[in-house]
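Here is how the chains run, residue by residue.
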Amino acid sequence: MTRQVQTIPLSRPDIGPDEERLVLEVLRSGQLSLGPMAPEFERRVAEYVGARHAVAVSSGTAGLHLCVRVLGLGPGDEVITTPFSFVASSNCLLFEGARPVFVDIDPATWNIDPGRIEAAVTPRTRAILPVHVFGQACDMDAILDIARRRGLAVLEDACEALGGTWRGRHAGTFGRAGVFAFYPNKQITTGEGGMIVTDDDDLARACRSMRNQGRGESGGWLDHERLGYNYRLDELSAALGVAQMQRVDEILAARARVAARYHELLAGVPGVRTMTWPPEVGMSWFVYVVLLDRGIDRDRVMAALQGAGIQCRAYFSPIHLQPFYRERFGHQPGDFPVCEDVARRTLALPFHTRMTEDEVGAVVDRLREICVRSRCPR
Ligand SMILES: *Cc1c(COP(=O)(O)O)cnc(C)c1O
């Protein structure tokens, strides 16, 4: 029996009747910005992760930018971060003229290797910006310990990790601030959107002002206390966020079920390694990424999967090797060998809440066939 495989998408947002109802409610209310939905979304995220404040913004990138500005990171300052991430985690430093200092990753977790951080600290280092990659929290004990001893701020890029935990505490709540993102492939979506979380009253106040053109809390529409931006989250997006947060446990559980199915089926596939994490980590699945053996040609595997209607993506491409980073900072291939090796071999497979067991099975069957055929000649 042959089963015809239709296109299986890389990701797909989980939008239901509650999302439709709340968005329609906003449309009919006529209040499309600065209404009640954004504060409600903020309350729900703050309560869910256990933070004093949540500040909704127009994207994860906007949230990171505001935090970098409020922390006063600028020209002459160095910030330690990972090259194995989405480019925004490091671009947010360039926006303000601060310098990203990359540290190679741990080959087991694919997160910044805490054991290498101290060697990168200089008198100019001001902060550490860890990224919780693919929904796996970084070793926050080690990172906070270094930050405390060296007097550094910690800003967490938790854009891929809503719901992820380290020793039971939510990713994004360890540093001075953490940022989540809600692009359609993230755990929950608002279309475009992001959220800053912090326990720091002053930081939250400054972010609220700066996302809203620098307006003060009590001043008028044309009173601007500081340089600000328009990084507000509109009410339609916030309504989506409220509906998604009402179902966040169900959404994360569905993602965990699909991941568990992949794990089970991939265990028997030679040449394919699945993600691993230490016992302190509570995973929140963002994407489902596998690591191929060095003897397998990843690009041939990708082409063959795509030819079979299975979307996939090389995740990530190292930040330090992006053309403008190479030009500006002189980075070369070989600078961060663990990151580069992992980046050459990782592959994101189709992953979303509504994937059926049959679809996961079809992806794994194809991957097994293709991997056997694509072993590079030695
Ligand atoms: C998605 C993402 C961002 C940026 O989020 P946007 O909402 O797309 O701006 C930042 N960092 C990481 C690691 C991400 O995955």
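Just above sits the structure.
Along each chain, numbering runs from 1 in the same order as the chain's sequence is written. Side-chain atom pairs in this predicted model are given and counted only at pLDDT of 80 or more, local residue features only at pLDDT of at least 70, and totals for whole chains, interfaces and linings cover all residues. To obtain the side-chain values, all non-hydrogen atoms of the structure were included, while hydrogens and water were left out.

Visitor: Teacher, can you tell me more about the sheet that holds strand S11 (residues 281–282) here?
Guide: Strand pairing is assigned whenever DSSP identifies at least 2 bridges connecting the two strands. Numbering of helices and strands runs from the N terminus, with a helix taken as a DSSP run of H or I at least four residues long and a strand as a DSSP run of E at least two residues long. If you walk across this open sheet you meet the three strands as S7-S6-S11, and the pairing is antiparallel. The open sheet has two free edges, formed respectively by strand S7 (169–170) and S11, since each of these has just one partner strand. With two bridges connecting them, strand S6 (residues 165–166) and S11 associate as antiparallel partners. Residue pairing across strands places Thr165 opposite Gly282, the latter belonging to S11.

Visitor: What's the story with the environment of Phe41 in this structure? I'm lost.
Guide: Summarising the element assignment, Phe41 is placed in helix H2 (residues 37–49). Once the C-alpha coordinates of Phe41 and Met245 are considered, the two residues, 204 residues apart in sequence, prove to be 7.6 Å apart. Every residue in contact with Phe41, bar those within four places of it in the chain, is listed here: Phe182, Ile188, Thr190, Met195, Leu233, Ala238, Gly241, Val242 and Met245. The contact rule is simple, with two residues in contact once any of their heavy atoms fall within 4.5 Å.

Visitor: Would you take a moment to explain the pattern of salt bridges for this structure?
Guide: Any Lys or Arg side-chain nitrogen located within 4 Å of an Asp or Glu carboxyl oxygen qualifies as a salt bridge. Throughout the structure, instances matching the rule amount to 28 salt bridges. Salt-bridge contacts for Arg167 lead to Asp141; the nearest nitrogen and oxygen are separated by 2.6 Å. Of this pair, Arg167 sits in the loop between S6 and S7 while Asp141 is found in helix H5 (residues 140–150), placing the two residues 26 residues apart along the sequence. Partly exposed residues are those whose accessible area sits between 20% and 50% of the maximum for their type, while under 20% is buried and over 50% is exposed, using a 1.4 Å probe and protein chains only. The exposed category is assigned to Arg167, whose relative accessible area is 56%.

Visitor: How do you make sense of helix H9 (residues 298–307) when you look at a structure like this?
Guide: Because an α-helix completes one turn every 3.6 residues, residues spaced three or four positions apart along the sequence face the same direction. When we look at burial in H9, the residues that qualify are Arg298, Val301, Met302 and Leu305. Down the axis of H9, the buried side of the element spans an arc of 100°, and every buried residue falls inside it. Exposed residues pointing more than 90 degrees away from the buried face of H9 are listed as Asp299 and Gly307. N-capping of H9 is provided by Asp297, with a side-chain oxygen placed 3.1 Å from the backbone N of Asp299. The arc in question is the one traced by the directions running from the helix axis out to the C-beta atoms. Two N or O atoms form a polar contact when they lie within 3.5 Å of each other; inside protein one atom must be a possible hydrogen donor and the other a possible acceptor, and for residues adjacent in sequence the pair counts only when both atoms belong to side chains.

Visitor: How should the packing of aromatic side chains be read in this particular structure?
Guide: Note on aromatic pairs: each is described by the distance of the centres and the angle between the planes. Geometry of aromatic contacts follows a simple scheme: Phe, Tyr and Trp rings, the Trp one being its six-membered ring, pair when their centres are within 6.5 Å, and the pair is stacked under 30 degrees between planes, edge-to-face over 60, tilted otherwise. Evaluation of the coordinates by the stated rule reveals 17 aromatic pairs. Ring centres 5.5 Å apart and planes at 80° place the aromatic pair Trp277 and Trp285 in the edge-to-face group. On the basis of relative accessible area, Trp285 is assigned to the buried category, the value being 7%. Of the aromatic side chains, those joined through ring pairs into one cluster are Phe84, Trp110, Phe134, Phe286, Tyr315 and Phe316. In this analysis the charged atom, NZ for Lys or CZ for Arg, is taken to sit over a ring once it is within 6 Å of the ring centre and within 35 degrees of the ring normal. Sitting above the plane of the Phe174 ring, Arg169 keeps its charged end 4.6 Å from the centroid.

Visitor: Sorry if this is basic, but what is going on with the layout of surface pockets here?
Guide: A water-sized probe, rolled over the atoms, reveals where empty space remains. Of the volumes computed, that of the largest pocket is approximately 640 Å³. Using only the protein atoms, space was sampled on a 1 Å grid; points where a 1.4 Å probe fits but cannot get out form cavities, open sets with protein on both sides within 12 Å along at least five of seven lines form pockets, and lining residues are those with an atom within 4 Å of a point. Looking at the largest pocket, it is lined by 36 residues, and the ones nearest its centre are Phe86, Tyr183, Asn185, Lys186 and Tyr315. Only helix H3 (60–70), helix H4 (88–95) and strand S13 (346–349) provide two or more residues apiece to the lining of the largest pocket. Considering every element that reaches the lining of the largest pocket, the biggest residue donor is H3, with three residues. Grid points are joined across faces, edges and corners, and a volume is the space filled by probe spheres set on the points.

Visitor: Hey, could you run me through the site of the ligand in this one?
Guide: As a matter of local geometry, the ligand sits amid 13 residues, with Gly60, Thr61, Asp157, Glu160 and Lys186 nearest to it. In the environment of the ligand, an oxygen atom lies 2.8 Å from a nitrogen or oxygen atom belonging to the backbone of Gly60. Take Glu160: an N or O atom from its side chain is 2.5 Å from an oxygen atom of the ligand. To measure how exposed things are, a 1.4 Å probe is used in the Shrake-Rupley method; for residues, cover is taken only from the protein chains shown. Here the ligand, which alone exposes 380 Å², has 92% of that area covered by the protein. Taken together, the residues that form the shell around the ligand break down as five nonpolar, five polar and three charged. Being near a molecule or strand, for a residue, means having at least one of its heavy atoms within 4 Å of it. Each residue gets one of three labels, nonpolar for Ala, Val, Leu, Ile, Met, Phe, Trp, Tyr, Cys and Pro, charged for Asp, Glu, Lys and Arg, and polar for the others, Gly among them.

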